[in-house]
Structures are given as structure tokens and as C-alpha cells.
Amino acid sequence: MRLTEREQRIRAGELGEPARVAIEQQIAVGEFFAAERFVPITNVHMMGDMEVMGDGGFAFIERLVGEGARFSVPVTTTARCVDFERAAALRQRPELVDRERALVATLGHLGAILVDTCINYQTVYQPHFGEHLAWGDTGAVIWANSVCGARSNYEAGPAALAAGLTGVTPAYGYHLTEQRTGTERFEVSCELPDYADWGALGGIIGRRTLDYWKVPVVAGLRSHPGADELKHFGAALASYGSCAMYHMVGLTPEARDEAEAFRGRAPAALHVIDDAALAAFYRTYPEDRAEVDVVVFSGPQLSVLEMRRIVELLAGRRVHTRTALLLTTNFANREMAARLGYVKAIEDAGGRVLAGACWYIMEPARMAAAFGWRNVLTNSAKVANIIGGYRLHPILRPTAVCVEAAVSGELPAEGHLR
Amino acid sequence: MSVVLTAPLGFGPAVEAEIVLSRDTFSLRYDMDRETGVVSRKGHALEGLSLAGKIVYFPAVQGGVAAGWGFLALAHRGVAPAGILFGRTNPVMIQGLVLAGIPVMHRLSPIPSPSC
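Below or above, wherever it landed, is the structure these notes cover.

Parameters and conventions
Residues numbered from 1 in each chain as written. Chains lettered and ligands numbered in written order. Predicted model: local features only at pLDDT ≥ 70, side-chain atom pairs only at ≥ 80, totals over all residues. Helix = DSSP H or I, 4+ residues; strand = E, 2+ residues; numbered from the N terminus. Rg over C-alpha atoms; globule rule 2.2 N^0.38 Å. Contact = placed C-beta atoms within 7 Å. Buried ≥ 20, exposed ≤ 12 C-beta atoms within 10 Å, placed from the backbone. Nonpolar A, V, L, I, M, F, W, Y, C, P; charged D, E, K, R; others polar.

Right, let's talk about the overall build of chain A for a bit. Along chain A, the regular secondary structure elements total 17 helices and 14 strands. Over its C-alpha atoms chain A spans a radius of gyration of 21 Å, differing by no more than 12% from the 22 Å that the globule rule assigns to 418 residues. Overall, chain A is about 65 × 55 × 35 Å in size when its C-alpha atoms are taken along their principal axes. For chain A, the proportion of contacts with a sequence separation of at least 24, taken over those separated by at least 6, is 78%.

Below is the structure:
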């Protein structure tokens, strides 16, 4: 890689040992992907929570702090594995809570801005077209690239940390115009009335793409997505397909028409997604039994509008005694939802609104064991995809079905697939 | 039978270990018990198998930024793979493997035919 004078000084240790270690890691990754240079970045969004870092990652960060590390650009944090105010009620391990508290303090010493949200793009920072970022939440990255036309690769915890210290990131992948060219074409002929349907669409395209380096182009949409629909779509596409960017023809900024999306090239593959494909996707999440143990609205954290929708669907009814209802959002949205009466409505119904956390990283297997949960009903395709790894039975259904199940304790007839 | 697998992109020192071939994709968060290094996802081709000390091939990856810290966590517990071979991977895997010092190859050729 060609280094600027500043980058050479960082490498020589003139800006301290932490920045030197960081840029060496960035050079190793950059050279792996044949990057020729670094690009300056304006914003870092970092994943750092104990559930994923473990003691090894914590020790790594503590060492950096001991060496005087300090971020040189704004670094915000993504959702974490503990809601400190509600950890006891959720029977989270005191050791995990204590370690997470210590980690939060350590990240504060580095200069991290502890917003603890995976929907930073909806509440904290809206990047502009062409802006270079180092973001570390896959759902946030795919939003930045696709919806904003900003430029970021997936920057995992240590990579985002390194970018925060050096203020640059290797110029490969989605920082380069060439990589942003559409590759496969997906014609969508089905209606997508619910958040879950948009997540399912992301899941279907993700399963067929399965490649970080491919950029799906979505055409023919009959339903017009709002911000939360795009949020579910992108999060699922990133989760199932490891994709970091998509185009929606006529909707996203680098795809005013198909020729622009594909940069005049022919798509490598053509797909049609119809009602049958959507139904087949839902059938990969069949019910295991009628009773529902926990209904989860999370992954990504909820917007105020999503919380409002759940309050409307609850319509003043109480959640069944055998079923738990959990929502996750960020601090800003919880505060706003509290002002609007949504938090009280959900809590009066028997549900919980968690803040600063995301359910699937809150040690769901342990939580399930503590409460005796075996199945999880959700409107989030991303959560459904992830939770299988924790040996819980995931059931993906539209939002209204999830709320009805929370109230009755059982999957309603329209939610049965077998 | 002996097969030579090559890749244009790689990181890390030479290692020698038993190889395991998976026909399923890989995600540290979705598929692994990160305390034991055992594949925990129900129905995964390698379900129940410990990857500790082995060279593992996966055709592709899913997700997820968890791999960034996750490989270091596995190495810290002494249950990390000796090396990983990918048909196609994403930057998160590479960032995590570089941090943990675990050798990796990307865009493997020819594509192996996994027995499991």
C-alpha cells in the first residue's frame, strides 16, 4: 500500500503505540484485499460488547487504554448485550453485566460515544452521498452504502477500533466505485405488506447471493418501502447473504435506472421472486407447536413508528401469562416512545421495552434456559436466521400475527403453515 | 488422494493440521459455540464437531461482525481453528483472523467437494 506522510508517521510510532498497532493491522487487511491506499474517514460505528468480544478482546482493548489510546475521529457504539436497567429482570448473568459495565467504562476512556444503537443511521448520524465511513454493524453498513450512497466495508470490532485510532481505512471493496456495480437482477412480483415480508425478501435474495462481493439489484417492486421496511430488508440481506450493498431501481441513489445500477453491463443472473417464493421462505420457519414462549421485536432495534404499530395492534389487550413480549430499541427512541405513551402501553400490556441492547446478543440461549423458552416468534428475518445457532426454534411471521400470539399465547390460525 | 488447493489471497504462516470440509456456509455467531469451538447450529453439516486445531474449509460465509472479535476469543480459550480456507469470504472474517493471527486463504481453487 502507498502510505501518505501522516500514515508513515503513524506506522513509525510517532502517534503512539496503539495507532502503530492499529495501522499495521489495517495494512495487513488492506494488502490481503489488494488495497493500494487508505482513505480518510469521518465517522466510525463500532461493535464492542462482551458477548462477542470475550476476555481476549477485552484484554486487547484494556492494553490499548493502558498505552494511552484515544480515538481521532467520532466513534459511536452499536447495540450491546446488556440493558443495565433491566438485566436482573431478564435474569442475565451478574458476571456478564459486571464485565459489560467495565467494558463500557474502558470504551469511554478511548473516547467512544456510547450511543449503543444498531440504527445509528435513523437516530444519530446520517452520512451523505460519497462519504467514506468505517462502520461495524452489517445492517448499518448496507444502509449507508445502499440508501445513502455513502461508502463503507463491514468493519468488525477490531477494524473499526483501528480506524477510530488512525482516522483512515484501507480503500478496497465498497470504497471503490467499481465494486458498487450491480451484479444480479431480482424481479419482485409479490406484494410486501409487512416488515416481516421485507425481511423475508432480504432473506430470499441473501440466500441466493451468499457473497459479500455481489450487489443485488431489485427491480419491479409493487410495494413502496418506508425507512423501516428498508431497514428490515437490508438487515436480512446482510445477515443471510453477507451482502454490504444493494440497488433498488428508481429508489436508491446509485440506481436511478437499471443501466446506472449495472453500469451498462448485463446482470450475471436473473431471478424472479413471486408469492410462491415468499411463501416458501416462511415455510423454512414452521411452528414447532401451537404455544408461543416469547415474542421478540428486535434485530434491528425498533423505530418509534414500529413501536407505535405494536401499540396499535395490542389495542389495550394484555400479553398472555405463558408468553413473554420483548422489544428492543435505543435510548433516544425509548425516551421518545415514553413521551408518546407507547412504553407505558407496552408495559401495561405486560411487555418490556429494552434500550441500548439487541436481543440476539443478550445470551438468548441462557435467557431461554432461565425462563424455560423453547421457541421464539419474531417479525425479524434477521433474528430468525440468527437464533437457530442458539438452539432455539425460530418462527418468522408478520407483525400482526406476532402480536396476536403474544396476546393469546398461541400462534393464531393465519400463522399456521402446516 | 492428494489435491493441491491454491488461492490468490492469503494471510499468515504455513500450518499443518487435519482438514475438515464443510458443504455449508460459516458464521461465527450463527453456527458456533464460541466457548467450546464446537459447531452448534442444528442441521449444520459440521454440527457437533470441534474445529479446534483443524484447518476448515467453508464455501461461503454469512453475517456478521461477530467474527471480528470472535476468532480472538476462540484463540484466547485455546479452541481456535489452525487455519481457515474460504471459497468466498468477507472482510470481517479477514479482520478477525488477522487480529487472532490465524492463517486464512480466500477464493480457493479448485473448489473442494465436501464429504460433509
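Per the secondary structure count, chain B includes three helices and seven strands. Written out in order from the N terminus, the α and β elements of chain B read β-β-α-β-β-β-α-β-α-β. In terms of overall dimensions, chain B is globule-like: its C-alpha atoms have a radius of gyration of 13 Å, near the 13 Å expected for 116 residues. Projected onto the principal axes, the alpha-carbon positions of chain B cover approximately 35 × 30 × 25 Å. Counting all 116 residues of chain B, 53% fall into the buried class. The contacts in chain B between residues at least 6 apart in sequence include a share of 74% that link residues at least 24 apart.

Residues and elements named next belong to chain A. Turning to its location among the elements, Tyr121 is positioned in helix H5 (residues 120-123). Judged by local crowding, Tyr121 falls into the buried class, with 25 C-beta atoms found within 10 Å. Residues Tyr121 and Phe233, spaced 112 residues apart in sequence, show a C-alpha to C-alpha distance of 15 Å.

Turning our attention to unusual backbone geometry. Residues and elements named next belong to chain A. Of note, the amide linkage connecting Gly299 to Pro300 takes the cis form, showing an omega dihedral of 0 degrees. Positioned with a positive phi, Leu210 is a non-glycine residue whose angle comes to about 45 degrees. As for its position among the elements, Leu210 is in the loop between helix H8 (195-209) and strand E7 (216-219).

Next up on the list: the interface of chain A and chain B. On the chain B side, the residues contacting the 35 residues of chain A number 34 residues. Of all the secondary structure elements, the ones that give two or more residues to the side of chain A that touches chain B are helix H2 (17-32), helix H3 (50-66), helix H7 (157-166), helix H9 (227-241) and helix H16 (381-387) of chain A. No other element matches the seven residues that H3(A) contributes to the side of chain A that touches chain B. Among the residues making up the side of chain A that touches chain B, the classes are represented as 17 nonpolar, 14 polar and four charged.

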